[in-house]
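Structure at a glance
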Amino acid sequence: DATGRSRLVARILDIPTRIGPRNDVAHFAHYEGFRWEEAIGQVLITRLRAGWSWCIPLRGRLSVGIVVGRTDAERLGDTAAERLTNAIALEPPLTTLVGDARRVTPVATYSNYQLISTRGYGPGWVMVGDALGFVDPMLSPGVSLALLSAELLAEGLTPLIHGRSPVELASAMARYTAAQMANLDAWFNLVAYFYDGRMAAMQRAGREWVEAGPNFLRVAAHDHIERQVALQASGVKVASRYGCGLLRLLGRYGLRGIDPAALAIQ
């Protein structure tokens, strides 16, 4: 089943889901005539007064999206277009970039995310990509996870192409599903650092720590931590035991008095 968030098999078989803590809705569209002073390929993620936004430069266009709680979305307007337009007008970071730009696509809406099926395979079927689970728009892990699940599934099935028993097939599907579930859980944990403010607090603490008295050891430690976080956020090592352990350690002992709650995304 590669039907994405339509989740065809899960709906037909009424498979329960694990639902994440967020209850958000995303509205987004493409714009032309925008202002962009960042490096080519740079993606901007901004914490808003309610929720957060993304700005992703494409070829001649800018993808602009907001992710907000359902109650906050209703305050912005009745339709998706009203909500996105009002958010751009009300939020200075978005106004600066998009205020005079022209919307060239309809406003799309996504709402059924932060959920993972409790079963990923059965007799004659298996789920891949978003059909198995979707984490969150934060850090855009969907394509990475979809490709990875297809790769893991192919690796599991390849030895069974020429002759297989039901037992061997079920075992391969179980290993694949367990591996992909672990990847989904790792993304869930990483995204939580952004929503609850720990990631922003760690970044601020690290910057202040280096600026307080830069030396070789501090700079080296800062660069190492920054690289490990980047490897996780890019999906390359999102499930790395070392990287996950480092984040847990920093989230508990490396905030240097900075309150994550003040930097959390509402």
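Shown above is the structure to which this text applies.
Residues numbered from 1 in each chain as written. Predicted model: local features only at pLDDT ≥ 70, side-chain atom pairs only at ≥ 80, totals over all residues. Heavy atoms only, no water.

1. Brief notes about the packing of aromatic side chains
Convention followed: Here a Phe, Tyr or Trp ring, Trp counted by its six-membered ring, pairs with any other such ring whose centre lies within 6.5 Å, and the pair is stacked when the planes are under 30 degrees apart, edge-to-face when over 60, and tilted otherwise. What counts as a helix is a DSSP run of H or I of at least four residues, what counts as a strand is a run of E of at least two, and both are numbered from the N terminus.
All told, the structure shown has three aromatic pairs when counted by the stated rule. Residues Phe28 and Trp54 carry aromatic rings whose centres are separated by 5.5 Å and whose planes lie at 45 degrees to one another, so their mutual orientation is tilted. Here Phe28, found in strand S2 (residues 24-32), pairs with Trp54, found in strand S4 (residues 52-57); they are 26 residues apart in sequence, far enough to count as distant. Centroid distance Phe28 to Tyr110: 5.4 Å. Interplanar angle 55 degrees. Geometry classified as tilted. Here Phe28 is found in strand S2, whereas its partner Tyr110 is found in strand S7 (residues 108-110), with 82 residues between them in sequence. Taken together, Phe28, Trp52, Trp54 and Tyr110 form an aromatic cluster joined through their ring pairs.

2. A closer look at the pairing of strand S5 (residues 62-69)
Filter applied, for reference: Each residue gets one of three labels from its accessible area relative to the maximum for its type: buried under 20%, exposed over 50%, partly exposed in between, using a 1.4 Å probe on protein chains only. DSSP-based pairing: two strands are paired if at least 2 bridges between them are found.
Most of S5 sits out of view: eight of its eight residues are buried. Examined bridge by bridge, S2 and S5 share eight bridges and lie antiparallel to one another. Following the sheet pairing, Ala26 is matched in S5 by Val67. One ladder, built from six bridges, connects S4 with S5; its direction is antiparallel.

3. Let's talk about the sheet that holds strand S8 (residues 115-117)
In plain terms, the rule: Residues count as neighbours in contact if any of their non-hydrogen atoms are within 4.5 Å of one another. Axis definition: a line fitted to C-alpha atoms, limited for helices to the stretch in contact. Angles are taken between N-to-C directions and run from 0 to 180 degrees.
Spatial ordering of the open sheet is given by S1-S8-S11, a layout of three strands whose pairing is antiparallel. With partners counted over all chains shown, the strands left at the sheet margins are strand S1 (17-19) and strand S11 (133-134), one partner each. Bridge count for S8 against S11 is two bridges, and the pairing is antiparallel. Its bridge partner being in S11, Leu115 is matched across the sheet by Phe134. Seen against the sheet, helix H6 (residues 166-195) touches S1, S8 and S11 and runs at an angle of roughly 165 degrees to S8.

4. With respect to helix H5 (residues 142-157)
Note the following rule: Take the residue count of a helix, subtract one, and multiply by 1.5 Å to get its expected span.
In a regular helix each residue adds 1.5 Å, so 16 residues correspond to 22 Å; H5 covers 22 Å between its end C-alpha atoms and thus fits that length. Check the buried side of H5 and you find it contacts strand S10 (125-126), S11 and H6.

5. Focus on the side chain of Gln232
Assignment of secondary structure puts Gln232 in helix H8 (residues 216-233). Judged by relative accessible area, Gln232 falls into the buried class, the value being 3%. Setting aside chain neighbours within four positions, we find Gln232 in contact with Trp187, Leu190, Lys237, Val238, Gly243, Cys244 and Leu247.

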